[in-house]
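Structural characterization, general
So the chains spell out like this:
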Amino acid sequence: MGPLPELRKRLCAVSSLPAPEQQWEQSIDANDKNSGLLQMTQDNSNAYPTPAARLGHVQPTLQRIADESGLSVTTVSRVLSGQAARYRISKPTEAAIRKLAKDSSFVPNQLARGLRLNKTLTIGLVIPDISNPFFAAIAHQVVVGTRKHGYSVIFCDSQDDTDLEVQSLRLLQSRSVEGVVLCPAGKSGEHLAGFVGGRLPIVLVDRFFPDLPLPYVSSDNVSGAEQATELLIANGHRRIACLQGVHGTSPNESRIRGYKEALAQHHLPVTENLIVGDSFTEQSGYIETKLLLRSEPGVKAILALSNLNALGAIRALTEEKQRIPEDVSIVSFDDTPYSAYLATPLTTVAQANSEMGEVAVKLLFDQIQSPQRQTKGGILLPTTLIMRASVKRVESP
């Protein structure tokens, strides 16, 4: 016998697994659905043990832990589901059960638990673009907060497309999720009307629809845009361009409102030709900045309504040999990890995106745990103006 077969036999012996030529495969007799008995069929192949087999030939169960501890399955279940204190199970007993479970690599069967409780212990999360740091931070916090409740998250990326968002919501409903956190795409919430007063809890994040009575958490976008515009005005700028996002969406309209209110407070005219763009994307910021530099050469300040709009604007300014802030000052909505490390550190309006995810989870589980509670209205979290080096003071004309 060569060295390789001998080594394989030794490994099998150490791991308490049968040698490969004596392995067994389990298969359920399709003709005996009622019994659900496992029949054994011998596999004489020389295949290596599967990953599942290497983890242990017999998966530990509550019954096995109960047998080894000399306790009832009910007691073991209560300890491993975190209910030891509720049922006054002693600390030594709890410790002994948890040690047995750990030593045997016990993994709770969440499907069985869900069937017993008539719950799936999952929620859905739908966001427009996971590559956007703003939405990635929200998603991270939703996952972290959900895990604290013992739930898992089914994630969907709608690619900022309402049709894909509708498909994602249908998929989540087919999976019987117990709630949904949704960062909506598009301008209309018509497809969400069925959630109003419905059985499936939902919380909107970032975008919301004033005519739709669903709970939401967003930023105080009016105040944030107003502060950013005030900063540019305080530094002598009078003609301030605005790179906007998707027309008709709540964040965009609120930020435009804040921009206009700041101009009005200083008796400055609103020039509609300076409000340009139609998407919260880098491409939109790039194209519109290129056009502005040709059609409005007197513009020396830009307010970008998203981090991606700002990146596009910076790219366009660099290509046109326009220095920041010596030639053009810029302030951006959304603070990102790279904002402080650009060639010219970017002054930004930071949204509390992690807190938005945290509040969304709280609002959702309030509904899941108290179905009779009808949560309406929304929460607006404050923004923070972060001063860096992308704004230069100029002499007012």
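Before reading on, note that the structure itself is shown above.
Here's what I pulled together on the structure shown here. This structure is a prediction, so every number in the text was calculated from the model and none was measured.

Here we take up unusual backbone geometry. Leaving glycine aside, a negative phi is the common case for residues, and trans is the common case for peptide bonds. A cis geometry characterises the amide bond from Ile-324 onward to Pro-325, with omega recorded as 0 degrees. Here Pro-325 is to be found in the loop between helix 12 (307-319) and strand 11 (329-333). Backbone geometry places Asp-160, a non-glycine residue, at a positive phi of 55 degrees. Within the chain, Asp-334 stands out as a residue other than glycine whose phi angle is a positive 80 degrees.

Below, the discussion takes up the sheet that holds strand 4 (residues 152-157). What holds strands together in a sheet is hydrogen bonding between their backbones, with the strands either parallel or antiparallel. The strand order 4-3-5-6-7-13 describes an open sheet built from six strands, whose pairing is parallel. Taken across any chain shown, the strands that pair with only one partner, and hence form the sheet edges, are strand 4 and strand 13 (378-381). Neighbour-to-neighbour, the strand axes of the sheet open up by a mean angle of 15 degrees, direction not taken into account. Seen against the sheet, helix 13 (residues 353-369) touches strand 3 (122-127), strand 5 (180-182), strand 6 (202-205), strand 7 (216-219) and strand 13 and runs at an angle of roughly 165 degrees to strand 6.

So, about the nonpolar core. Within the largest apolar cluster, 37 residues are counted, with the highest numbers of intra-cluster contacts made by Ile-240, Leu-243, Tyr-259, Leu-303, Ile-330 and Val-331. Listing elements by their share of this core, those giving two or more residues are helix 9 (221-234), strand 8 (240-243), helix 10 (250-265), strand 9 (275-276), strand 10 (301-304), helix 12 and strand 11. Of the residues forming this core, the biggest block, five residues, is contributed by helix 9. Leave out the neighbours within four places in its chain, and Leu-243 touches Val-276, Gly-285, Glu-288, Thr-289, Leu-292, Ile-302, Leu-303, Ala-304, Leu-305, Asn-309 and Ala-313. Grouped together as the second largest cluster of nonpolar side chains are 24 residues, Ala-139, Val-203, Met-356 and Leu-364 included.

Before going further, it helps to examine the pattern of salt bridges. Tallied over the full model, the rule gives 15 salt bridges. Taking the shortest distance from any N to any O, the salt bridge between Glu-94 and Arg-98 comes out at 3.4 Å. With Glu-94 and Arg-98 both in helix 5 (residues 91-103) and four residues apart, this pair spans about one turn of that helix. According to the relative accessible area criterion, Arg-98 is partly exposed, its value standing at 36%. Through salt bridges with shared partners, a single network forms among Lys-290, Arg-294, Arg-315, Glu-319 and Glu-320.

Our next topic: helix 9. Since the α-helix packs 3.6 residues into each turn, any two residues three or four apart lie on the same face. Taking 1.5 Å per residue as the helical rise, helix 9 with its 14 residues ought to reach 20 Å, and the 20 Å between its terminal C-alpha atoms agrees with that figure. The element helix 9 is largely enclosed, with a buried count of ten among its 14 residues. Regarding helix 9, the residues found buried are Asn-221, Val-222, Gly-224, Ala-225, Glu-226, Ala-228, Thr-229, Leu-231, Leu-232 and Ile-233.

A full pass over the atoms with the stated rule returns three aromatic pairs. Relative to Tyr-216, the ring of Phe-208 lies with its centre 3.9 Å away and its plane at 5 degrees, an arrangement referred to as stacked. When sorted by exposure, Phe-208 lands in the same class as Tyr-216, which is buried. Over the ring of Phe-333 we find Arg-255; its NZ or CZ atom is 4.0 Å from the centre of that ring. Its guanidinium or amino end placed over the ring of Tyr-286, Arg-315 lies 3.8 Å from that ring's centre, counting from NZ or CZ.

A word on the pairing of strand 8. Where burial is concerned, the two faces of strand 8 agree: the one with Ile-240 and Cys-242 and the one with Ala-241 and Leu-243 are both buried. Both strand 8 and strand 10 contribute to a ladder of four bridges, which runs parallel. In the sheet register, Ala-241 faces strand 10, and the bridge partner there is Ile-302. For the handedness criterion, the β-α-β arrangement of strand 8, helix 10 and strand 9 is classed as right-handed.

Among the structural elements, Gly-258 can be located in helix 10. Residue classification places Gly-258 among the buried positions, given a relative accessible area of 0%. In sequence terms Gly-258 and Ala-228 are 30 residues apart; their C-alpha atoms lie 8.9 Å from each other. Beyond its immediate sequence surroundings of up to four residues, Gly-258 is in contact with Val-222, Ala-225 and Glu-226.

Conventions adopted
Residues numbered from 1 in each chain as written. Predicted model: local features only at pLDDT ≥ 70, side-chain atom pairs only at ≥ 80, totals over all residues. Heavy atoms only, no water. Helix = DSSP H or I, 4+ residues; strand = E, 2+ residues; numbered from the N terminus. Pairing = 2+ DSSP bridges. Axes fitted to C-alpha atoms, helices over the stretch in contact; angles between N-to-C directions. Contact = heavy atoms within 4.5 Å. Core = buried A, V, L, I, M, F, W, Y, C linked by side-chain atoms within 4.5 Å. Buried < 20%, exposed > 50% of the residue type's maximum accessible area, 1.4 Å probe, protein only. Salt bridge = Lys/Arg side-chain N within 4 Å of Asp/Glu carboxyl O. Expected span 1.5 Å × (residues − 1). Phe/Tyr/Trp six-rings, centres within 6.5 Å; stacked < 30°, edge-to-face > 60°. Lys NZ or Arg CZ within 6 Å of the ring centre and 35° of its normal. Right-handed = clockwise from strand over helix to strand, strands pointing away.

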